Protein chains: 2
Amino acid sequence: MKFSKKSEYGLRALLELCETYGGRVLQRHEIAERQNIPVEFLEQILLALKRAGLLASRRGVRGGYSLIKSPEEITLGQVIRILDGPLAPISCVSKTAYQKCADCPYAAKPSCPLQQAMGEVRDAIANILDHYTLSRFAHSK
Amino acid sequence: MKFSKKSEYGLRALLELCETYGGRVLQRHEIAERQNIPVEFLEQILLALKRAGLLASRRGVRGGYSLIKSPEEITLGQVIRILDGPLAPISCVSKTAYQKCADCPYAAKPSCPLQQAMGEVRDAIANILDHYTLSRFAHSK
DNA sequence: ATTTTGTCTAGTGAGTTGCTCAAGTTTTTG
DNA sequence: CAAAAACTTGAGCAACTCACTAGACAAAAT
């Protein structure tokens, strides 16, 4: 029941990018050094965030990455879903990636005790993470 | 961010055991068949729950497993922690298995933004699962 | 043109997950 | 007492995931 390093690194990288939001771009090695993240691994993370539309990048000599949305518009939930997949603790209660469980005898949706309990957990997690913006995140430092 | 099959199977097995609580014992193959769980795998799970003090077992011809505590005393949180480890989404916010993060630059505890956010998530999860008893679980069927 | 950056794809070692197998040990019952 | 029925223990294994590495390539600036 853990988040991956990917999410953790991703959030820490975004923290750096929040600080220069509106100003200059940050290069991968700058972020990597400040946040103590292996630079090639960080790159994959930044690319994923870019493909998801959170970051812009410029190649070449004065290149680097920058936030493309304002920190108020980005939630921790978005970031974690991009890097780690759905928040739901079992896939039959996921709202973003629902899959019915093959082997469960309580196949019918409304009567599964597991779904009831796990649904509550899912909602609680999503409620926090989907309302926690990067700006609030960065300021809680 | 998922729970393992182990937890899922474990909870479903306990559901069966709740129904015969106070009455007869259930054999592994009975539970396995009703809940559609590979029997040898289920066994490992039942053993873990037994070692943790939730189940009793009897060997031999009329043997089987039974709940040793009442369904009101067992919470989903307990079960999941036994089978899946700590609930916390990152280990630096775990109350049952705290470990400080080695590489995080915000090493000092009160000022880490990640800890703040993840701590809230941990509390929300624990709040639900540590108050969700097996009896409530079984009755929500 | 060369250097400096990001982009993309693939690979890899360690660990985990989900499950199986085989050889026990204990208890009941015929 | 013997045999069958159950749980017990421990090892093993294929597939997958995680965290990370490597290398070839593309674009931008000087």
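Residues numbered from 1 in each chain as written. Chains lettered and ligands numbered in written order. Predicted model: local features only at pLDDT ≥ 70, side-chain atom pairs only at ≥ 80, totals over all residues. Heavy atoms only, no water.

**Student:** Looking at this model, I keep getting lost on the overall build of chain A. Mind explaining?
**Tutor:** A tally of helices and strands in chain A yields 6 helices and 2 strands. When the helices and strands of chain A are read in sequence order from the N terminus, they spell out α-α-α-β-β-α-α-α. A principal-axis box enclosing the C-alpha atoms of chain A has dimensions of 60 × 25 × 25 Å. Across the 141 residues in chain A, those meeting the buried criterion constitute 51%. Considering only intrachain contacts with a sequence separation of at least 6, the fraction spanning at least 24 residues in chain A is 61%. As presented, chain A carries roughly 6700 Å² of accessible surface, and 50% of it is formed by carbon and sulfur atoms. Taking the average location of the 20 positive side-chain charges in chain A and that of its 14 negative ones, the two points are 4 Å from each other. (Helix = DSSP H or I, 4+ residues; strand = E, 2+ residues; numbered from the N terminus. Buried < 20%, exposed > 50% of the residue type's maximum accessible area, 1.4 Å probe, protein only. Contact = heavy atoms within 4.5 Å. Areas by Shrake-Rupley, 256 points an atom, 1.4 Å probe, with all protein chains shown as cover. Lys, Arg positive; Asp, Glu negative; His and termini not counted. Charge placed at Lys NZ, Arg CZ, Asp CG, Glu CD.)

**Student:** What should I look at first to understand the protein's contact with DNA strand D in this one?
**Tutor:** Around DNA strand D sit 25 residues in total, of which Gln44 of chain A together with Gln27, Arg28, Glu43 and Lys50 of chain B are the nearest. Sugar and phosphate atoms represent 70% of those atoms of DNA strand D found within 4 Å of the protein. A distance of 3.1 Å separates a phosphate oxygen of DNA strand D from a polar side-chain atom of Tyr9 of chain A. Within the contact set of DNA strand D, a phosphate oxygen lies 2.6 Å away from a side-chain nitrogen or oxygen of Lys50 of chain B. (Near = heavy atom within 4 Å. Polar contact = N/O pair within 3.5 Å; in protein donor to acceptor, adjacent residues only side chain to side chain.)

**Student:** I keep staring at the packing of aromatic side chains and nothing clicks. Help me out?
**Tutor:** In this description, a pair of aromatic rings is defined by centroid distance and the angle of the planes. Residues and elements named next belong to chain A. With the rule as written, the count across this model stands at 4 aromatic pairs over all chains. Arranged with centres 6.4 Å apart and planes meeting at 85°, the rings of Tyr132 and Phe137 form a pair that is edge-to-face. Directly above the ring of Tyr132 sits Arg136, whose terminal nitrogen or CZ lies 3.7 Å from the centroid. (Phe/Tyr/Trp six-rings, centres within 6.5 Å; stacked < 30°, edge-to-face > 60°. Lys NZ or Arg CZ within 6 Å of the ring centre and 35° of its normal.)

**Student:** Explanation requested: the packing of helix α3 (residues 39-51) of chain A against helix α4 (residues 76-84) of chain A in the structure shown.
**Tutor:** For any two helices packed against each other, one specifies the inter-axial angle together with the distance between the axes. Residue and element names in this part refer to chain A. For the pair α3 and α4, the least separation of the axes is 10 Å and the interaxial angle reads 115°. The chirality of how α3 crosses α4 is right-handed. When α3 is examined against α4, the residues Ile45, Ala48 and Leu49 are found in contact with a partner set consisting of Val79, Ile82 and Leu83. Looking at the contact of α3 with α4 residue by residue, the classes come out as 6 nonpolar, no polar and no charged. (Axes fitted to C-alpha atoms, helices over the stretch in contact; angles between N-to-C directions. Left-handed = near helix turned anticlockwise from the far one by under 90°. Nonpolar A, V, L, I, M, F, W, Y, C, P; charged D, E, K, R; others polar.)

**Student:** How should the interface of chain B and chain A be read in this particular structure?
**Tutor:** One frequent convention defines the size of an interface as the accessible area lost when the parts assemble. On the chain A side, the residues contacting the 42 residues of chain B number 42 residues. Taking both partners together, chain B and chain A bury about 3800 Å²; carbon and sulfur atoms supply 65% of that area. Taken as a group, Met1, Phe3 and Asp103 of chain B account for 19% of the area that chain B buries against chain A, more than any other trio of residues on that side. Between the two partners, chain B and chain A, sit 6 salt bridges. The residue Asp103 of chain B makes a salt bridge to Arg12 of chain A at a minimum N-O spacing of 3.9 Å. If you look at where chain B meets chain A, you find 12 residue pairs in polar contact (both at pLDDT 80 or more). (Buried area = accessible area lost by both parts, 1.4 Å probe. Salt bridge = Lys/Arg side-chain N within 4 Å of Asp/Glu carboxyl O.)

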